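Chain and residue survey
Given next are the chains, with one letter for each unit.
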2 protein chains.
Amino acid sequence: MSVDAFAVLAEPSRRRILERLRRAESSVGDLADALGMSQPTVSKHLRVLREAGFVTVRTAAQQRIYRLDVRPLRAVDDWLGPYRRLWADHLDALERHLESQE
Amino acid sequence: MSVDAFAVLAEPSRRRILERLRRAESSVGDLADALGMSQPTVSKHLRVLREAGFVTVRTAAQQRIYRLDVRPLRAVDDWLGPYRRLWADHLDALERHLESQE
DNA sequence: CGCTCATATGCCTGTCAAGTAATACACGCT
DNA sequence: AGCGTGTATTACTTGACAGGCATATGAGCG
């Protein structure tokens, strides 16, 4: 968990990996194939994701199966909380306005 | 809106600026003072934030007053949507499990 | 034990972004 | 018009990081 979650998500390739792992766990080679990236590149991104807690690994024969862990994403979601209140409030204000128009 | 929202948020200084603007709109100098950053640094970050739509500016005399705009944050929130479903589902599963235990 | 497949790691290079210092620009005031 | 304040912009230096290639590690199998 050494690296900041936002910094991890800043890299588009890593978001693509997460999107894929959201559907199903996957081996490194499958990810590289599916995303059109080289195997070393995928491995490096997976290392970053793993160290930040976004994924966990399991060894199956000679493959490493990576699986999504949602906890860092929940942290991002929590960070968004106070801001979400802002637009929720604005929506409330809009609703009140619309009601007063009727 | 040229730059990716996640890349913008990856910079801790910019998140601090957003946190401050969440409480109240502010001039460049006030931000620099409050956050202990140099004025050019703040201006530079504000430019990035502005080009990505996170803030809007208004000119008041010789000051530029910056104000938060939540739309890019809503985009991030939307991106999180499918993942939020994941842990919501897991919670549901947990609840069902607990119910079956009673 | 050597071979092979799957993955990880090291090294190199190019790129890009952050911070600083100096400077330019815009506005208001006298 | 000239001056001072507030802000933007520039040039420069430095550091981090991504991608490519080559190579190391490790597990399974003959």
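Residues numbered from 1 in each chain as written. Chains lettered and ligands numbered in written order. Predicted model: local features only at pLDDT ≥ 70, side-chain atom pairs only at ≥ 80, totals over all residues. Heavy atoms only, no water.

What to know about the relation of the copies chain B and chain A
Note on the copies: chain B fits chain A at an RMSD of 0.1 Å, the axial shift is 0.0 Å, and the rotation between them is 180°. These values place the two chain copies in the arrangement generated by a two-fold rotation axis. The overlap is high: 100% of the interface residues of chain B also sit at the interface in chain A, so the same surface is used on both sides. (Least-squares fit on C-alpha atoms with pLDDT ≥ 70 in both. Contact = heavy atoms within 4.5 Å.)

A word on the protein's contact with DNA strand D
Near DNA strand D, the surroundings consist of 20 residues, among which Lys44(A), His45(A), Gln39(B), Ser43(B) and Tyr66(B) are the closest. In DNA strand D, atoms within 4 Å of the protein come 62% from sugar and phosphate. Contact between DNA strand D and Gly29(B): a phosphate oxygen at 2.8 Å from a main-chain N or O atom of the residue. Note that a phosphate oxygen of DNA strand D is positioned 2.6 Å from one of the side-chain N or O atoms of Tyr66(B). Broken down by secondary-structure element, the contributors of at least two residues to the surface near DNA strand D are helix 2 (12-23) and helix 4 (39-51) of chain A together with helix 3 (28-35), helix 4 (39-51) and strand 3 (63-68) of chain B. (Near = heavy atom within 4 Å. Polar contact = N/O pair within 3.5 Å; in protein donor to acceptor, adjacent residues only side chain to side chain. Helix = DSSP H or I, 4+ residues; strand = E, 2+ residues; numbered from the N terminus.)

Thoughts on the packing of helix 3 of chain B against helix 4 of chain B
All names here are of chain B. Helix 4 packs onto helix 3 with a crossing angle of 115° between their chain directions and a minimal axis gap of 9 Å. In terms of orientation, helix 3 and helix 4 fall into the roughly perpendicular class. The chirality of how helix 3 crosses helix 4 is right-handed. For the pair helix 3 and helix 4, contact is made by Val 28, Leu 31 and Ala 32 and by Gln 39, Val 42, Ser 43 and Leu 46, respectively. Among the residues making up the contact of helix 3 with helix 4, the classes are represented as 5 nonpolar, 2 polar and no charged. (Axes fitted to C-alpha atoms, helices over the stretch in contact; angles between N-to-C directions. Parallel < 35°, antiparallel > 145°, perpendicular 65-115°, else oblique. Left-handed = near helix turned anticlockwise from the far one by under 90°. Nonpolar A, V, L, I, M, F, W, Y, C, P; charged D, E, K, R; others polar.)

Regarding the sheet that holds strand 1 (residues 26-27) of chain A
All names here are of chain A. With antiparallel pairing, the 3 strands of this open sheet are ordered in space as 1-3-2. Both outer strands of the open sheet, strand 1 and strand 2 (55-60), are each paired with one neighbouring strand and no more. Here strand 2 pairs with strand 3 (residues 63-68) via 6 bridges, running antiparallel. Directly across from Val 55, in strand 3, lies its bridge partner Leu 68. (Pairing = 2+ DSSP bridges.)

A short note on the nonpolar core
Formed by 54 residues in total, the largest nonpolar core has its most connected members in Phe54(A) and Phe54(B). Other than its neighbours up to four places away in sequence, Phe54(B) contacts Ala5(B), Val8(B), Leu9(B), Leu18(B), Leu49(B), Arg67(B), Leu68(B), Asp69(B), Pro72(B) and Leu73(B). (Core = buried A, V, L, I, M, F, W, Y, C linked by side-chain atoms within 4.5 Å. Buried < 20%, exposed > 50% of the residue type's maximum accessible area, 1.4 Å probe, protein only.)

Section: the side chain of Asp69(B)
Residue and element names in this part refer to chain B. The topology assignment puts Asp 69 in the loop between strand 3 and helix 5 (71-101). For Asp 69, a relative accessible area of 13% puts it in the buried group. Engagement of the side chain of Asp 69 in a polar contact is seen with the side chain of Arg 71, the distance being 2.6 Å.

Re the environment of His97(A)
Following the sequence through the fold, His97(A) ends up in helix 5 (residues 71-101). Sequence separation between His97(A) and Glu25(A) is 72 residues; the distance between their C-alpha atoms is 47 Å.

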